[in-house]
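Structural overview for review
Okay, here's what each chain looks like letter by letter:
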Amino acid sequence: EQDSGKSLHDVADGNSLIDLNRCGTGLLELVFSPDLQHGEEAAAAARELTLILQTLGVSRGRMERGEIRVDANISVREVGAPLGTRTEVKNLNSLRSVARAVEFEVWRQISVLEAGGVVDNETRGFEHESRQTVSMRDKERKQDYRFMPEPNLPPLVLDPSTILHLENSLPELPFQTRLRLQDVYGLSEDTSIQLVDRPDQLLLFKSCADLKPKNYKAVANIISLIVQEYLVEHDIKGISVHHHSQPNHLDNGSESSESVWVSPESLVSLSNLREDNVINFTALREVVRLVLGGDIRPPAEIVVQMGLKLITDINYIQEFVEDSLKENAELVEKYIKATDKKRVKLFSRLLVLINQDQRTQKVDMRVFNNILKQNLENKITKAP
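Note that this is a predicted model, so its numbers are computed, not measured.

We now examine the nonpolar core. Formed by 36 residues in total, the largest nonpolar core has its most connected members in L195, F205, V227, L267 and V288. Those elements that place two or more of their residues in this core are α5 (189-197), α6 (199-209), α7 (216-233), β8 (259-262), α8 (264-275), α9 (281-292) and α10 (299-305). When residues in this core are grouped by element, the largest group, 8 residues, is from α7. Here V227 is in contact with I222, I239, L267, V288 and L292, once residues within four sequence places are set aside. Grouped together as the second largest cluster of nonpolar side chains are 20 residues, F320, V321, Y335 and I371 included.

Turning our attention to the pairing of strand β2 (residues 15-19). Both strand β1 (residues 6-10) and β2 contribute to a ladder of 5 bridges, which runs antiparallel. Across the sheet, residue H9 finds its bridge partner in β2, namely S16. A loop of 4 residues connects β1 with β2, the two strands running antiparallel in sequence, and G14 in this loop sits at a positive phi of about 75°.

Glycine aside, a negative phi is what most residues show, and trans is what most peptide bonds show. Despite not being glycine, R131 has its phi angle at roughly 60°, a positive value. On the secondary structure map, R131 appears in the loop between β5 (122-127) and β6 (132-138). Not every positive phi belongs to a glycine, and D235 is a case in point at roughly 55°. Note on placement: D235 falls in the loop between α7 and β7 (238-241).

Moving on: a nonpolar patch on the surface. A cluster of nonpolar side chains, namely L28, L30, F32, L56, V58 and L170, defines an oily patch on the protein surface of about 590 Å² accessible area. Mapped onto the fold, L170 is located in the loop between α3 (160-168) and α4 (174-185).

A few words on the packing of aromatic side chains. Within this structure, the stated rule accounts for 4 aromatic pairs. Ring geometry for F104 and W107: centres 5.6 Å apart, planes at 45°, overall tilted. Highlighted residues: F104 and W107, both in helix α2 (residues 95-114), separated by 3 residues, approximately one helical turn. The class for F104 is buried, based on a relative accessible area of 15%.

Let's shift gears to the environment of Y316. With respect to the helices and strands, Y316 occurs in helix α11 (residues 314-327). In this structure Y316 comes out as partly exposed when scored by relative accessible area, which is 31%. Not counting residues within four places of it along the chain, the set of residues in contact with Y316 comprises I311, R359 and V363.

Scanning the entire structure with this criterion turns up 17 salt bridges. Note that K90 is salt-bridged to D71, the shortest N-O span being 3.1 Å. Of this pair, K90 sits in strand β4 (residues 87-92) while D71 is found in strand β3 (residues 70-74), placing the two residues 19 residues apart along the sequence. Residue K90 is classed as partly exposed on the basis of its relative accessible area, which comes to 23%. Note that K337 is salt-bridged to E333, the shortest N-O span being 3.8 Å. Here K337 pairs with E333, and both are found in helix α12 (residues 329-337), just 4 residues apart, close to one helical turn. Here the residues in one salt-bridge network are E105, R108, E122 and R124, joined through shared partners.

It is worth spelling out the layout of surface pockets at this point. Unoccupied space between atoms shows up once a probe the size of one water molecule is rolled over them. By volume, the second largest pocket amounts to about 1100 Å³. Together, 27 residues line the second largest pocket, and R47, R62, E64, D197 and K237 are the ones closest to its centre. Elements with a contribution of two residues or more to the lining of the second largest pocket: α1 (39-56), α5, α6, α7 and β7. Residue composition of the lining of the second largest pocket, by class: 7 nonpolar, 9 polar and 11 charged.

Cut-off values and rules
- Residues numbered from 1 in each chain as written.
- Predicted model: local features only at pLDDT ≥ 70, side-chain atom pairs only at ≥ 80, totals over all residues.
- Heavy atoms only, no water.
- Core = buried A, V, L, I, M, F, W, Y, C linked by side-chain atoms within 4.5 Å.
- Buried < 20%, exposed > 50% of the residue type's maximum accessible area, 1.4 Å probe, protein only.
- Helix = DSSP H or I, 4+ residues; strand = E, 2+ residues; numbered from the N terminus.
- Contact = heavy atoms within 4.5 Å.
- Pairing = 2+ DSSP bridges.
- Patch = residues over 30% accessible without salt bridge, like charges linked within 9 Å, V, L, I, M, F, W, Y side chains within 5 Å.
- Areas by Shrake-Rupley, 256 points an atom, 1.4 Å probe, with all protein chains shown as cover.
- Salt bridge = Lys/Arg side-chain N within 4 Å of Asp/Glu carboxyl O.
- Phe/Tyr/Trp six-rings, centres within 6.5 Å; stacked < 30°, edge-to-face > 60°.
- 1 Å grid on protein atoms, 1.4 Å probe; cavity = no way out; pocket = protein on both sides within 12 Å on 5 of 7 lines; lining within 4 Å.
- Points joined across faces, edges and corners; volume = space filled by probe spheres on them.
- Nonpolar A, V, L, I, M, F, W, Y, C, P; charged D, E, K, R; others polar.

Put into structure tokens, the structure is as follows:
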């Protein structure tokens, strides 16, 4: 069908406006069988459909701009009973609204039936502030719902060979991309879902993967954790991939930007430094944020100039361990006298106290922990 326009209702002064700018725009309506069980599942299905449409280039899929709308048909029934009377919640414009509208309507219909009432076959709207659905019009008595076949629009039947050709020409679909990320790069299911849900982050990961990092999962975690944190914190909408061979045109320090330029080379370099145990996670996060903020220095240079390289000198770490044991002598004494089970908790508590020391930011804590455990074992052995 074609878009007939958009109604804008001003509750404050009671007026309604009509926006006809979209008239004539083609609309595609997809109708699914009643297979979903709850609001979160409905929202997930809508999100997957949006990703598919974006991948195919059918729609940009921006629900907040009206490019996709969801009409949710909901009914409840007792186990084994036939489908109940349905209601339709119209024009849901966000995934959160889909989930909340379905969940409320399920609860409302159950309440009506348990009170001895009857669910009406009607169209309902969703109010965002109250998070409730409200009645709009009755489908049983309205003539505009008595649909008749249109004789000038016969069913469209596609030849099987045409369908096969279309199937073979499809690009990689979202579910296939998620599986490939797990099979080829060893990413977790959660990380794969997050990357596919954010196409700009997926593109950044692919650019990083082309550079053959030492640990693909580590790079994916940098993107899904540190980069994502930075985007949310600075209200930045997305990512533009920027290679070192390209000029950097963007001031990444600006607030509320549409996108931030990110260098795959910088992220891979930092990931490899972390894998080689040159820096710890705290330093990694600090330098990534500097790069996102527009610092154009090579990451390795930033690490050296800021003194972020991990200290691996055994003598220095041994001295640090001895100082820590002296500073926490009372807790160490409890550790020596405790049972093996209690020592696990006491060791964790000791590490928490030690981590308050500024030196822990520059010391290789894996080496530190090993030396600390060895020192504690020596004290247990020497204890009377």
